[in-house]
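Structural description and commentary
Below are the chains, spelled out letter by letter.
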Amino acid sequence: MTNIPFVDLSLQHEPLLDEIKQSLLDVVARGDFILGQDVRDFEQQFAQLTGVQYGIGVGSGTDAIALGLQACGLGPGDEVLIPANTFIATVIGALHSGVTPILVDCDPKTALIDLEAAQQAITPKTKAILPVHLYGQMVPPQALLDFAQAHHLTIFEDAAQAHLAHREGYTAGAVGKAAAYSFYPSKNLGAFGNGGIVLTDSEDIAHKIRCYRNYGAAQKYVHTELGTNSRLDTLQAAVLKVKLPHLQDWNLSRNQAAAQYDKALNPLADSGITPLENQSGTGHIYHLYIVRIEPSCPLNRDEIQAQLSDRGISTGIHYPIPCHLQPAYHHLGYQEGDFPQAEALCREILSLPMYPGLSEAQVTRVVDTLKEILADAQSLRA
Ligand SMILES: *Cc1c(COP(=O)(O)O)cnc(C)c1O
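Note that this is a predicted model, so its numbers are computed, not measured. (Residues numbered from 1 in each chain as written. Predicted model: local features only at pLDDT ≥ 70, side-chain atom pairs only at ≥ 80, totals over all residues. Heavy atoms only, no water.)

1. Some remarks on the environment of I34
Mapped onto the elements of the fold, I34 is located in the loop between helix 2 (17-30) and helix 3 (37-50). Owing to a relative accessible area of 47%, I34 belongs among the partly exposed residues under this scheme. Between the alpha carbons of I34 and F339 there is a distance of 43 Å; along the sequence they are 305 residues apart. Setting aside anything within four residues of it in sequence, one finds I34 in contact with R231, D233 and T234. (Helix = DSSP H or I, 4+ residues; strand = E, 2+ residues; numbered from the N terminus. Buried < 20%, exposed > 50% of the residue type's maximum accessible area, 1.4 Å probe, protein only. Contact = heavy atoms within 4.5 Å.)

Quick look at the structure:
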């Protein structure tokens, strides 16, 4: 039997290779490598798909967070609420903008930020909330908007794992004052390298980010802002613009594979293997498909992962250490026990193979293999 990889990007790229090659050669022919035509076209197309007015392409998702927060007027002295269980780049982006990250625990069923816990963390310095639409599912938009309004907070969305996810009629990136997306290669829409975008309906924020990303210059050699060098490369935009029309089909393919996993895994709930909850139907775009291996399971997460690997199935852990326990962020002042839900998730989560084009037969084999592993463990115990 052939192995099942954790992700397989070649399935997306092979049918598009000729088109991508031509798109790249067109950039070379034009020579507009920096902020070229394809950057403008892609920014506009991506913004349009999300229903937001402005898209500003930057060098990475991390920079999209840093420059986006800065353009929203947030910086040193401002506290920003951030989930403790996110990819570390959320925290890095926030720190680069100068704000103080205030970490918050999550809902154990979805792994999304817990707004009640967020409320407990508010101080007079709290200026914003940075919800992460983790694994491809949006933080409930209406609850988020009500929360932000009640506490006079700016919403800045981290949509790096939620390309065109939707919930309650909102699209990821269209809820807050501004939002960050990443085009890291393995995201639902990935470049052939780094890339990111800030989305906003505010002309002022859009203008500031266009300055920041380009040495702080509103016009050549006139530096009105303290800027940096962080632009979406034209070559990356040339790749992204070819892939963009397929994003919705790819998301649907992931969602269908996830629905099959959910159904097939149902009988394993008694054995302590439970998927995170999908509360948004087809609006969940499954950047990752996560199950929890709970303490009631006869095998722990690491044992299950090792045995799946022995049987040719690759999995991942996103992420094994919560942000507050990462060695480099000790100075934020947190310790073990501060965020029990996030800490339990880190011990229990396992990401099963998930990518557009993952077949029904492959999903079946992953689940059947899990059943075999559990049956073996139970018969050894008997
Ligand atoms: C990938 C990711 C980022 C950062 O994106 P880069 O383009 O790699 O800088 C930020 N936040 C989350 C949640 C991510 O998954």
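2. With respect to the site of the ligand
Lining the immediate environment of the ligand, one finds 15 residues, of which G61, T62, D158, S182 and K187 sit closest. In the environment of the ligand, an oxygen atom lies 2.6 Å from a nitrogen or oxygen atom belonging to the side chain of S182. One of the side-chain N or O atoms of K187 is found 2.6 Å from an oxygen atom in the ligand. Assessed atom by atom at 2 Å from the grid points, the ligand resides in the largest pocket. Counting only elements with at least two residues in the shell around the ligand, the list comes to helix 4 (61-71) and helix 5 (89-97). In terms of residue class, the shell around the ligand is made up of five nonpolar, eight polar and two charged. (Near = heavy atom within 4 Å. Polar contact = N/O pair within 3.5 Å; in protein donor to acceptor, adjacent residues only side chain to side chain. 1 Å grid on protein atoms, 1.4 Å probe; cavity = no way out; pocket = protein on both sides within 12 Å on 5 of 7 lines; lining within 4 Å. Sits in = over half its atoms within 2 Å of the grid points. Nonpolar A, V, L, I, M, F, W, Y, C, P; charged D, E, K, R; others polar.)

3. Focus on the layout of surface pockets
For the largest pocket, the calculated volume is near 450 Å³. In this structure, the largest pocket is lined by 25 residues; those nearest its centre are F87, S182, Y184, K187 and Y319. Mapped onto the lining of the largest pocket, the elements with two or more residues apiece are helix 4 and helix 5. When residues of the lining of the largest pocket are assigned to their parent elements, the largest contribution, three residues, is made by helix 4. Along the lines of polarity and charge, the residues of the lining of the largest pocket split into 11 nonpolar, 12 polar and two charged. L35, N214, A217, Q219 and K220 are the residues nearest the centre of the second largest pocket, which is lined by 13 residues in total. At the level of elements, helix 8 (203-212) and strand 10 (217-219) are the ones that each hand at least two residues to the lining of the second largest pocket. By residue class, the composition of the lining of the second largest pocket is six nonpolar, four polar and three charged. (Points joined across faces, edges and corners; volume = space filled by probe spheres on them.)

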